[in-house]
Amino acid sequence: MFCFQCEQTAGCTGCTGNTGVCGKKADTAQLQDELTGALIGLARAVDDTSAVSKKTWQTIIEGLFTTITNVSFDNAAIEDMIQKVRAEKDSLVGDCNKCQSPCGRTDEYDMQQLWNADEDIRSLKSLILFGIRGMAAYAYHAYVLNFEDPEVNQFFCEALFRIGYAESMDELLQTVLKVGEINLKCMALLDKANTQTYGTPEPTDVTLTVEKGPFIVVTGHDLKDLQLLLEQTNGKGINIYTHGEMLPAHAYPLLKKFPHLKGNFGTAWQNQQKEFDHIPAPILYTTNCLMPPKSSYIDRVFTTEVVAFPGTVHIDEQKDFTPVIEKALELGGYKEDQTFTGINGGTQVTTGFGHSAILSHADTVIEAVKSGAIRHFFLVAGCDGAKPGRNYYTEFVKQTPSDSIVLTLACGKFRFNDLNLGEIGGLPRLMDMGQCNDAYGAIQVAIALADAFGCSVNELPLSFVLSWYEQKAVCILLTLLHLGIKNIRLGPSLPAFLSPNILNFLVENYGIAPITTPEEDIKVLLKQ
Ligand code: FS2
Ligand code: SF4
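Sequence order as written defines the numbering, with residues in each chain counted from 1. To read the labels, note that chains go from A and ligands from 1, taken in the order they are written. In view of the model being predicted, local features appear only for residues whose pLDDT reaches at least 70, and side-chain atom pairs are presented and counted only at 80 or more, with totals across whole chains, interfaces and linings using the full set of residues. For side-chain calculations, the full set of non-hydrogen atoms in the structure is used, while hydrogens and water are omitted.

**Q** Hey, could you go over the pairing of strand β3 (residues 215-219) for me, with residue numbers and the actual values?
**A** Where burial is concerned, most of β3 is hidden: five out of the five residues are buried. Only protein chains enter the accessibility calculation, which uses a 1.4 Å probe; a residue whose area is less than 20% of its type maximum is buried, one above 50% is exposed, and one in between is partly exposed. Put simply, DSSP H or I for four residues or longer makes a helix, DSSP E for two residues or longer makes a strand, and each gets a number counted from the N terminus. Of the two faces of β3, the one carrying Phe215, Val217 and Thr219 and the one carrying Ile216 and Val218 are both buried. For two strands to be treated as a pair, DSSP must find at least two bridges joining them. Relative to strand β4 (residues 239-242), β3 runs parallel, the two being bridged by four bridges. Residue pairing in the sheet places Ile216 in a bridge with Ile240 of β4. When the strands point away from the viewer, a crossover counts as right-handed if the route from the first strand across the helix to the second turns clockwise. Between the parallel elements β3 and β4, the chain passes through helix α8 (residues 223-233) in a crossover that is right-handed. Of the strand pairs in this sheet, β3 and strand β6 (residues 283-285) are connected by three bridges, and their pairing is parallel. Counterpart to Val217 in the pairing with β6 is Ile283.

See the structure below:
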């Protein structure tokens, strides 16, 4: 196998051999390559016909989402997805199969060509591929809420097509930045889908205590699945607790109105095996990140949508959560309320500081900056992961000066979201903007502040300190580059798929730098 798409890739170069660091087996990696090759074949067919339908876009988005890290470990599910992609291609250019002198224009792509390409070409094409994989997750969450953007859909095909095409570095670089441009539109689409469906997020305190009685833990990013689960458990004496990237769901008016959406259990994805080991409750996975479940709790793991693991019960598109509900009732939950704490000992966290909530205090913020009460903003955001070096982010937040604001989003926040950093002018110093896709909100806040001060985003007293793990972080990074944002600090390590030349390009043109120590980085960033 060869895979180097995530931050924990073996030896910071690539997973090879029989199993990846994430637990993905070589045959699964092979099938994911086959699926990607089939998707490129489908994109080529789209380029060759005008007969595309909604189903074509959905197939492409679903296929790409399936290949994100920690989404699907299930060979049978991936094989089904490959067949779906091939069937869709046949529906567009079925005659290609009967052609006596095939031109090869709609052939599937052999991913070995990419993995064995010149390292700079491989690097640029990997940025495109991993970026659109991440973007596909956002497009998927939007389309389950019936929101689509034809330009976003079309771009998935364009990008896939270019991965299978011989192009110069300059041409590929344009496509790399276009992934960032289109991902901004895709995140805007999802922001619209979430807020028009569930209301505008509002700051909300969330307890980490689990009440006695039956409960279900729901993890991942898909708000629609949470909504359906809340509806199906209503009045059944079962409480629902969010986990990981589902925490921001508590802030949406239409979700928080369910009285049995009680609180949050646990921290970020890499702690699942420890945190899920002994709980008397089932866990529903709506997306990544899925850690391979231990045998001690695999019978309590339920998956839905594209997330899949052999040996777990998969809830299909009919969305009948009865097996999860029955498991919750059978296990019965805790006999007494259990008080859990976050990583730093806090017993509650706060979420819901989306762009609307923050910008509703824009006058206060602008005044505080003008008076010097706020010296700097730090966006400390992104994925969590298992590497010990990720403690950097906890220390960084703890050491930010008392006249600075820390904005955060995505699952990396669990390293510090239970800290009480105090307030400035009635605003908390630490504000959780939501899931990783809510990077869109952070961008809106930055643009609004730049407008208010009549400067560019790069001239604001604002620093981006990002942690990455999987491919959604890649598309967000490309969006920030597309917007021309400079001096981003990135960690805990730099992507293995950046060749020395491409990394050099990013350093020279965007000032991207790896994290060093919290002390040193804070000192340097406060001066920029
Ligand atoms: Fe965290 Fe995993 Fe949100 Fe990533 S739960 S690393 O998928 O997308 O962030
Ligand atoms: Fe390795 Fe990451 Fe690929 Fe898993 S997803 S095989 S850990 S590079």
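**Q** Tell me about helix α5 (residues 119-143), and please be specific about residues and values.
**A** Taking 1.5 Å per residue, 25 residues should reach 36 Å; α5 reaches 35 Å between its end C-alpha atoms and fits that length. Counted residue by residue, α5 has 23 buried out of 25 residues, so it is predominantly covered. By this rule, a helix spans an expected 1.5 Å times one less than how many residues it contains.

**Q** Go over the domain arrangement of the protein, please, and point to the residues and values.
**A** The split into domains, and so the bounds of each, comes from an automatic or database assignment of domains. Domain annotation for the protein reports domain 1 (10-197), domain 2 (204-339) and domain 3 (352-527). Distance between the C-alpha centres of domain 1 and domain 2: 29 Å. Only heavy atoms matter for contacts: two residues are in contact if any of them lie within 4.5 Å across the pair. Taken together, the contact between domain 1 and domain 2 spans 19 residues of the former and 18 residues of the latter. Overall, the association of domain 1 and domain 2 removes approximately 1500 Å² of surface from exposure, summing both partners, and the carbon and sulfur fraction of that is 60%. Considering only the side of domain 1, the residues that lose the most area to domain 2 are Asn70, Val71 and Phe73, jointly responsible for 32% of the buried surface there. Here the quantity called buried area is the total loss of accessible area, with a 1.4 Å probe, experienced by two parts when brought into contact, counted for both.

**Q** Can you tell me about the UniProt feature "binding site: [4Fe-4S] cluster" (unreviewed entry) in the protein, naming the residues and giving the values?
**A** UniProt positions are given in the numbering used here, feature names are shortened, and annotations may be inferred rather than shown by experiment. Those residues carrying the UniProt feature "binding site: [4Fe-4S] cluster" (unreviewed entry) are Cys3, Cys6, Cys15 and Cys22 in this numbering. What stands out for the annotated residues spanning 20 residues is how close their C-alpha atoms remain, the widest pair being 10.6 Å apart. Considering the arrangement of structural elements, one finds Cys3 in the segment before α1 (26-47). Judged by relative accessible area, which is 15%, Cys3 ranks as buried. What Cys3 contacts, discounting residues up to four positions off in sequence, is Thr9, Gly14, Cys15 and Lys24. By secondary structure assignment, the location of Cys6 is in the segment before α1. For Cys6, a relative accessible area of 7% puts it in the buried group. The residues contacting Cys6, other than those within four sequence positions of it, are Thr69, Trp468, Tyr469 and Gln471.

**Q** Go over the UniProt feature "binding site: hybrid [4Fe-2O-2S] cluster" (unreviewed entry) in the protein, please, and point to the residues and values.
**A** Listed under "binding site: hybrid [4Fe-2O-2S] cluster" (unreviewed entry) in the UniProt record, and renumbered for this structure, are His221, Glu245, Cys289, Cys383, Cys411, Cys436, Glu470 and Lys472. A maximum C-alpha distance of 13.9 Å among these annotated residues, which run over 252 residues, shows that they cluster at one spot. If you trace the backbone, Glu245 turns up in the loop between β4 and α9 (253-256). Ignoring anything within four residues of it in the chain, the contact list for Glu245 reads Gly220, His221, Ala410, Cys411, Lys413, Gly434, Gln435 and Cys436. One polar contact links Glu245 to His221, side chain to side chain, over a distance of 3.2 Å. Examined against the element boundaries, Lys472 turns out to sit in helix α16 (residues 471-482). With relative accessibility at 1%, the residue Lys472 sits in the buried group. Residues within four places of Lys472 in sequence aside, it is in contact with Gly134, Ala137, Tyr138, His221, Asn288 and Cys436. Any N or O atom pair separated by 3.5 Å or less is treated as a polar contact, with the protein-specific requirement of one donor-capable and one acceptor-capable atom, and with residues adjacent in sequence counted only for side-chain atom pairs.

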